[in-house]
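Single-letter residue listing:
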Amino acid sequence: MTTLTELEEKVRREVGVRLFTVLAWVPERRALRRVHSSHPEQYPVGGEKTVEVAQGWLATCIEGRRPYLGKDRAAVREIFADHELIESLGCGAVVNVPVVDGDEVVGVLNLLDAEGRYDESSVAAAQALAGDAAAALRESAAPRGGAA
């Protein structure tokens, strides 16, 4: 099984990324919980985002099970409330890819890099890697006893 750290290394090699996070979909709360982060200081594991702000994104990635490509800062600003922090890390483009396990969306891969860095080939490369994430994401997202 590929771990999320191994997946991050593959994403770096095969697609390119400055900021990489993996979010588990929590359908009962319509929320995304961070289970992996390349920047744990700014984006700690365990942090949650509700997706009420970006209904179009929700319809695309979670309900529609399609990737989202935001090629520029305007696209990033449209879907991320924390766009100022994202931009401070040198990111101005995003690829979000749903991770589907069987018939269920279990999470999302978030790849961010410099403005103009991503295109349709980047999306295809990220989608090819998303399959590696399902088992690792399920394991990482599973509730654990004790302190977090």
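For clarity, every value in this text was computed on a predicted model and none was experimentally measured.

> I'd love a proper account of the pattern of salt bridges, names of residues and values included.
All chains considered together, the criterion is met by 11 salt bridges. As a salt-bridge pair, Asp103 and Arg65 come within 3.2 Å of each other at their nearest N and O atoms. Of the two residues, Asp103 is situated in the loop between strand E5 (93–101) and strand E6 (104–113) and Arg65 in the loop between helix H2 (55–63) and strand E4 (68–70); the sequence distance between them amounts to 38 residues. A relative accessible area of 36% means that Arg65 is categorised as partly exposed.

> If you had to explain helix H1 (residues 4–14) to someone new, which residues and values would you point to?
Buried within H1 we find Leu4, Leu7, Glu8 and Val11. Summarising the axial view, the buried residues of H1 lie within an arc of 105 degrees, below the 170-degree limit, and thus occupy one face. Backbone geometry just downstream of H1 places Gly16 in the positive-phi region, at approximately 95 degrees.

> Let's hear about the environment of Asp119: which residues, and what values?
Here Asp119 lies in the loop between E6 and helix H5 (120–130). Each C-alpha atom, one on Asp119 and one on Val94, is 9.6 Å from the other, the two residues being 25 residues apart in sequence. One polar contact links Asp119 to Ser121, side chain to side chain, over a distance of 2.5 Å.

> Go over the sheet that holds strand E2 (residues 31–37) with me, naming the residues and quoting the values.
Read from one edge to the other, the open sheet built from 6 strands follows the order E3-E2-E1-E6-E5-E4, with strand pairing classed as antiparallel. Each edge of the sheet is formed by a strand with only one pairing partner; in this case those strands are strand E3 (48–50) and E4. Neighbour-to-neighbour, the strand axes of this sheet turn through a mean angle of 25 degrees, independent of strand direction. Note: E5 against E6, 9 bridges, orientation antiparallel. The residue of E6 that forms the bridge with Asp101 is Glu104. Where H1 meets the sheet, its contacts fall on strand E1 (19–26), E2 and E6, and the angle it forms with E1 comes to roughly 135 degrees.

> For the side chain of Ser122, give the residues involved together with the corresponding values.
Along the chain, Ser122 falls in helix H5. When its relative accessible area of 7% is taken as the criterion, Ser122 is described as buried.

> Give me the nonpolar core: which residues, what numbers.
Counting residues in each nonpolar core, the largest one holds 25 residues, and the members touching the most others are Leu7, Val11, Phe20, Val99, Leu109 and Leu111. Put simply, the parts of the chain that give this core at least two residues each are H1, E1, E5, E6, H5 and helix H6 (133–141). Residue contacts for Phe20: discarding those within four places in its chain leaves Leu4, Leu7, Glu8, Val11, His36, Ser37, Ser38, Leu109, Asn110 and Leu111. Counting residues in each nonpolar core, the second largest holds 20 residues, with Leu23, Trp57, Ile79 and Val105 among its members.

Cut-offs and rules
Residues numbered from 1 in each chain as written. Predicted model: local features only at pLDDT ≥ 70, side-chain atom pairs only at ≥ 80, totals over all residues. Heavy atoms only, no water. Salt bridge = Lys/Arg side-chain N within 4 Å of Asp/Glu carboxyl O. Helix = DSSP H or I, 4+ residues; strand = E, 2+ residues; numbered from the N terminus. Buried < 20%, exposed > 50% of the residue type's maximum accessible area, 1.4 Å probe, protein only. Arc of directions from axis to C-beta. Polar contact = N/O pair within 3.5 Å; in protein donor to acceptor, adjacent residues only side chain to side chain. Pairing = 2+ DSSP bridges. Axes fitted to C-alpha atoms, helices over the stretch in contact; angles between N-to-C directions. Contact = heavy atoms within 4.5 Å. Core = buried A, V, L, I, M, F, W, Y, C linked by side-chain atoms within 4.5 Å.

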